[in-house]
Amino acid sequence: FFLMIRRPPRSTPKPSSAASDVQKRQPMNEANVTYAKQLDIYMKTTVLPNIAPHKKVAVFAHSLGVTSTRFYIKYLGGKEHISHCIFMGGANHGLGSADIVILRDPEGKVFKQAPEIHTGGSPFLTNLNAPGGEEGVKYLTISSPHDYYYSFYEESPFIDGAENRILPYKGHWGIRDSEESFILQLAFLENKINETELGKQLFPMPDRPYGEWNFCADCVKGQKYIFTEDGKVIYLDGTTVKEGVYKIATDKSPAWIDLAFKDGIYYGVYKLNANGDGLEIKLGKVNGERPVNHRYAELYYKLPKATVLPQEIIGKWKAIDFAYLKPFSTTEYILTFNPNSTFSIEGKMAIAPAFSVKGKYELEKACDIYKANLTIEESNLLLLPKNTYLGGVIALKDNRLMIDTPPSVSYTHLRAHETREDLVCRLLLATKKPNK
């Protein structure tokens, strides 16, 4: 018997009985322990007595369902009933976006899992990753360095002692729904995982910060670094220009970077994401100590080379499948691309009866898709505030537009480099006779 655990949608129907499907029984915003207890009830009331009374269960868990499932196994007796676990994109060692959330909501009132799964050594994860309590359960983790939820924390989904496999160029849903993922899942369940080399190869992460990097936040305009290959660095913040030299040490983890300006030396750490278009830098005080990690580092990004917008994209597009917008009870969403590199979004949702978003975009050709940068210049929607930067991918097929963007947080200007086949459960729009 196979059981899939994932985070539920925001609006969920009331269960008809205690034995309702586990996804229907979960509220949207609860702690891992609460979800684990719900899984325990579901196993005891439905799975064990009715479906697998004398057999063990194989569990598939994705995203935030992973840590809840691990708690159930380790602390609620789940190891007695589970033989195999396949964990895809789990926050086993922390989630970078949770760090940002707890800055504004340290008690986790808005996102109750954030205090449990941040990257600062939470007691929840420390105890979860301690040895013991999971004996007899076989684990497979599937992750991707191009999963934008784990950019700069690519090894977070790994578990010590598990079969950890990597699928490059897959996004957060691609590692769950792609053909390669299914091959690994089947091999693992048939106890043949050692017969395939798929996912064993480490992805060569970029480690040279050459180029021009723009600060990804709305608080400082014009802040950027320019690193040349001959060791020179220029720093700009809109009013100040500082020139100096830099040195890097890529054999350190995280990599070291030293910036020498006239006012002194800044010792720091840095890391690039898998696409090479995102850079995190964390510096100590001038002539001070080097930070030990890149948590809460400043995020910079590279602007793509602008390309001519495909004529077939220009015009109005109306959403026919709201995908990741469904949790916000979206009822209308119209996206317009204009020939002058501007865009607008008009729509309705439960938290905003009528919203309007406007801004500029740039596109970069990548195989049969376009990587897109969208900068919001006007907005009355809290989810997409002014000066937010969105990175995403766009694919055209049969007069339909598929769009995938990471969470709309100005700090996380990160995008997945996915192929068209990985655009699963994405925002889908159909044309409304594009403007001529």
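Residues numbered from 1 in each chain as written. Predicted model: local features only at pLDDT ≥ 70, side-chain atom pairs only at ≥ 80, totals over all residues. Heavy atoms only, no water.

This paragraph deals with the pattern of salt bridges. Where charged atoms of side chains with opposite charge meet at close range, the side chains can pair. Applying the stated criterion to the full structure yields 15 salt bridges. A salt bridge links K44 to D40; its shortest N-O distance comes to 3.3 Å. Highlighted residues: K44 and D40, both in helix 2 (residues 32–51), separated by 4 residues, approximately one helical turn. A residue is classified by how much of its surface remains accessible, and D40, at 13% relative accessible area, is buried. (Salt bridge = Lys/Arg side-chain N within 4 Å of Asp/Glu carboxyl O. Helix = DSSP H or I, 4+ residues; strand = E, 2+ residues; numbered from the N terminus. Buried < 20%, exposed > 50% of the residue type's maximum accessible area, 1.4 Å probe, protein only.)

When you line up the elements, K224 lands in strand 7 (residues 223–227). In this structure the side chain of K224 is engaged in a polar contact, spanning 2.7 Å, whose partner is the side chain of E212. Look past the residues within four positions of K224 in its chain and what remains in contact with it is E212, W213, N214, I234, Y235, L236 and Y300. (Polar contact = N/O pair within 3.5 Å; in protein donor to acceptor, adjacent residues only side chain to side chain. Contact = heavy atoms within 4.5 Å.)

Looking now at the packing of helix 2 against helix 3 (residues 65–75). Interaxial distance between helix 2 and helix 3 falls to 8 Å at its minimum, and their mutual angle equals 60 degrees. Between helix 2 and helix 3, the crossing angle belongs to the class labelled oblique. The hand of the helix 2/helix 3 crossing is right-handed. Taken together, the residues of helix 3 that come into contact with helix 2 (itself represented by N32, V33, Y35, A36, L39, D40 and M43) are T67, S68, T69, F71 and Y72. Classifying every residue of the contact of helix 2 with helix 3 gives 7 nonpolar, 4 polar and 1 charged. (Axes fitted to C-alpha atoms, helices over the stretch in contact; angles between N-to-C directions. Parallel < 35°, antiparallel > 145°, perpendicular 65-115°, else oblique. Left-handed = near helix turned anticlockwise from the far one by under 90°. Nonpolar A, V, L, I, M, F, W, Y, C, P; charged D, E, K, R; others polar.)

So, on to the environment of E312. Along the chain, E312 falls in the loop between strand 13 (298–301) and strand 14 (315–321). Once the C-alpha coordinates of E312 and L401 are considered, the two residues, 89 residues apart in sequence, prove to be 9.9 Å apart. In this view, E312 contacts W317 and L396; residues no more than four positions away in its chain are not counted.

Residues of helix 4 (residues 96–104) that are buried: G96, A98, D99, I100 and I102. In the core, the buried residues of helix 4 are packed alongside helix 5 (114–117).

Turning next to the nonpolar core. Core analysis: the biggest nonpolar cluster contains 33 residues, and I73, C85, F87 and I117 have the highest contact counts within it. Listing elements by their share of this core, those giving two or more residues are helix 2, strand 2 (57–62), helix 3, strand 3 (82–88), helix 4, helix 5 and helix 6 (123–128). A total of 6 residues in this core trace back to one element, the largest contributor, which is helix 2. Setting aside residues no more than four positions away along its own chain, I117 makes contact with N32, L64, T67, A91, G94, L95, A98, F111, S122 and L125. Within the second largest apolar cluster, 24 residues are counted, among which are F322, F337, F355 and I376. (Core = buried A, V, L, I, M, F, W, Y, C linked by side-chain atoms within 4.5 Å.)

Bringing the sheet that holds strand 8 (residues 232–237) into the picture now. Taken in spatial order, the 8 strands line up as 6-7-8-9-10-11-12-13 and close into a barrel, and their pairing is antiparallel. The sheet shows a mean angle of 30 degrees between the axes of neighbouring strands, taken without regard to direction. (Pairing = 2+ DSSP bridges.)

On to the packing of aromatic side chains, then. As enumerated under the stated definition, the model contains 11 aromatic pairs in all. Between F71 and Y75, the ring centres sit 4.9 Å apart and the planes meet at 40 degrees, which makes this aromatic pair tilted. A residue pair is termed a helical-turn pair when its members lie 3 or 4 positions apart in one helix, as F71 and Y75 do in helix 3 at 4 residues. When its relative accessible area of 14% is taken as the criterion, F71 is described as buried. Ring centres of F227 and Y246 lie 5.0 Å apart, and the angle between their planes is 75 degrees; this geometry places the pair in the edge-to-face category. With a gap of 19 residues between them, F227 in strand 7 and Y246 in strand 9 (residues 241–249) connect regions that are remote in the sequence. (Phe/Tyr/Trp six-rings, centres within 6.5 Å; stacked < 30°, edge-to-face > 60°.)

In this section: the confidence of the model for the protein chain. Summary statistics for the protein chain give a mean pLDDT of 82 and a share of 80% for residues scoring 70 or more. Confidence scores differ between elements of the protein chain, with helix 1 (residues 22–25) showing the lowest mean pLDDT of 40 and strand 10 (residues 255–261) the highest of 98. Counting interchain partners and residues more than four positions distant, the pLDDT-below-50 stretch residues 8–27 has 38 contacts. Confidence drops under a pLDDT of 50 for residues 432–436, and excluding neighbours within four residues, the segment shows 7 contacts in the predicted structure. (pLDDT = per-residue confidence, 0-100.)

For the bond running from S253 to P254, omega is -5 degrees, close enough to zero to count as cis. On the secondary structure map, P254 appears in the loop between strand 9 and strand 10. If you check the backbone angles, S63 has positive phi at about 60 degrees while not being a glycine. Positionally, S63 belongs in the loop between strand 2 and helix 3. With phi around 65 degrees, S341 is a residue other than glycine that occupies positive phi space. Mapped onto the elements of the fold, S341 is located in the loop between strand 15 (332–337) and strand 16 (342–349).

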